[in-house]
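In case you want the letters, here they are:
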Amino acid sequence: MESSTATSNVNTLRLFYGSCFALITTAFSYSIRAGILPQLQEEFGLTAVQLGTINSMWFFGFPIAMIVGGLVYHTVGPKKIMQFAFIAHTLGIILTIYSGGYWGLIISTLFIGLGNGCTEAACNPMIADSATGNRMNILLNRFHMWFPGGIVIGSLISTFMTSMGIGWKPQIWIILIPTVVYAYLFFGQKFPKPTVQEARSIKGNLKGMASPLFIFIAACMALTAISEFVPGQWVRLILDKSGADSMVILALMTGVMAVGRYFGGNFVNKFDQTGVLLGSAIIATIGMFLLSTQTGIMAYVAAAVFGMGLCYFWPNMIGFVAEKIPKSGALGMGVIGAIGMFMTANMQPIFGGWIDQARTKATSMGLTGDALELAAGQETLKTMIAFPATLIVLFTILYFWMKNRNKNTETA
């Protein structure tokens, strides 16, 4: 794991493992909260829109921390950012357990989101500065492997505990385990320095972010994040009556993502980020269509296809910025991720509203019980297909844009 760009006395292996456990914390907070959503709805009498607003705090806290973390990365340093992440994660976990209802869940979820955003703000640039070229792409994909990987573990834990009649509060305590582990791994460690000189200054970062390419990729990031994060958080409500176990669907989908990201660096080396992203958009669109139409065993097949489509979105959007727009630095990577999470946050109550509307429509058609819930979930997913479908067009444009830029560079 050592590279020529790493400074002396930097234990890059330990830093990488610490980053992975921090991302597992993020994944647990995502999957376990998804697993307990019906319990929260029942215990506190919440509507789907209220659940969406609570979920949105997870995604609002994320971009706030990512932007602030990107701005202060080279002044306060990643060590202090991760110390704040530990405090925010711990507070969020404890406050969730002792929340008395809607507003308590709002505040606690915001703290968890802040901790998650700090993880991205500190770990992405740290990994990008630890290696270069294809090695960087391999490490970023393997780092981000642990978000879906952690979701698989968290989903299975939540499913097992729920089946054993264990309530939502003990499930939330589980999130504290990887939190303590990453705090231990980061304790007393030294972090690498930026490899691009202009990336060390806010002025240089802003200069890199002012380019048309950055603005374009930011628009794409909004759609990739919505496609990846919104359906998964609602899996219990939209797929529970599909004839398949919804949490197993989530575990399968994210398991495929984790395996795909492990080998992601090899695909990027062969097809570049642009080719990988375009292929991902096509597969994700097919996968979401299948999820909106299939039931029973075929729902698992649909989940696997959808997971294949999603797996390379996030790490290669971050990797694209790090490699193709290096002057944007830690701030650029933070802002790109923040845009994705901010748009996802805004989509949470909207998605909840779509579910409520779909239920009303299904009720007017005379459907009741499981049939009503299935129809509402599938109708909501059909509405979501527009997001990955739009990405097919945008990533086609990006593919030829970068191909022409590379030709111009070669002939210059």
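Everything below is about the structure shown above.
Below is a summary of the structure that appears in this document. Only a predicted model underlies this, so the values are computations on that prediction, with no experimental measurement involved.

Summed over the entire model, instances satisfying the criterion amount to 7 salt bridges. In this structure, glutamate 228 engages arginine 261 in a salt bridge whose closest nitrogen and oxygen atoms are separated by 3.2 Å. With a gap of 33 residues between them, glutamate 228 in helix α11 (residues 212-233) and arginine 261 in helix α13 (residues 246-262) connect regions that are remote in the sequence. A residue is classified by how much of its surface remains accessible, and glutamate 228, at 5% relative accessible area, is buried. On the basis of relative accessibility, which here comes to 1%, the residue arginine 261 falls in the buried class. Its salt-bridge partner being lysine 324, residue aspartate 272 comes within 3.1 Å of it at the nearest N-O pair. Note that aspartate 272 is positioned in helix α14 (residues 264-291) and lysine 324 in helix α16 (residues 313-324), a separation of 52 residues in sequence. One network of salt bridges, with partners in common, ties together Asp272, Glu323 and Lys324.

Put simply, helix α6 (residues 133-144) and helix α7 (residues 146-163) touch, their axes get as near as 5 Å, and they point 20° apart. When the axis of α6 is compared with that of α7, the two are roughly parallel. Here α6 contributes Arg142, Phe143 and His144 to the contact with α7, which in turn contributes Trp146, Phe147 and Pro148.

What follows is about the packing of aromatic side chains. In this description, an aromatic ring pair is defined by two values, namely the gap between the centres and the angle between the planes. Across all of its chains, the model carries 22 aromatic pairs by this definition. Both rings, one in phenylalanine 313 and one in phenylalanine 395, keep their centres 6.3 Å apart while their planes meet at 40°; by these two values the pair is tilted. Residue phenylalanine 313 is found in helix α16, and its partner phenylalanine 395 is found in helix α19 (residues 386-411); the two are separated by 82 residues along the sequence. Pair check on accessibility: phenylalanine 313 and phenylalanine 395 agree, each one buried. Grouping aromatic residues by their ring pairs yields a cluster made of Tyr30, Trp58, Phe59, Phe62, Phe147, Phe229 and Trp314. The side chain of arginine 14 reaches across the aromatic face of tyrosine 184, ending 5.0 Å from its centre. When the ring centre of tyrosine 262 is taken as origin, the NZ or CZ atom of arginine 142, which lies over that ring, is 4.0 Å away.

Parameters at a glance
In every chain, residue numbers begin from 1 and rise along the written sequence. The model is predicted, so local features are restricted to residues of pLDDT at least 70 and side-chain atom pairs to those at 80 or more, both for listing and for counting; the totals for chains, interfaces and linings are taken over all residues. In computing side-chain values, all of the structure's heavy atoms are included and hydrogens and water are not. By salt bridge we mean one thing: a side-chain nitrogen of Lys or Arg within 4 Å of a carboxyl oxygen of Asp or Glu. Secondary structure counts use DSSP, requiring at least four H or I residues in a row for a helix and at least two E residues in a row for a strand, with both numbered from the N terminus. We call a residue buried when its accessible area falls under 20% of the maximum for its residue type, exposed when it is over 50%, and partly exposed in between, using a 1.4 Å probe and counting protein chains only. Inter-axis angles, ranging from 0 to 180 degrees, are taken between N-to-C directions of lines fitted to C-alpha atoms, where helices are fitted over the stretch in contact. In these notes the angle categories are as follows: under 35 degrees is roughly parallel, over 145 is roughly antiparallel, 65 to 115 is roughly perpendicular, and the rest is oblique. Note on contacts: a residue pair qualifies if any of its non-hydrogen atoms lie within 4.5 Å across the two residues. Paired rings are identified among Phe, Tyr and Trp, the last through its six-membered ring, by centres lying within 6.5 Å, and are further divided according to the angle between planes into stacked (under 30 degrees), edge-to-face (over 60) and tilted (the rest). The criterion is that NZ of a Lys, or CZ of an Arg, lies within 6 Å of the ring centre and within 35 degrees of the ring normal, and then a charge sits over that ring.

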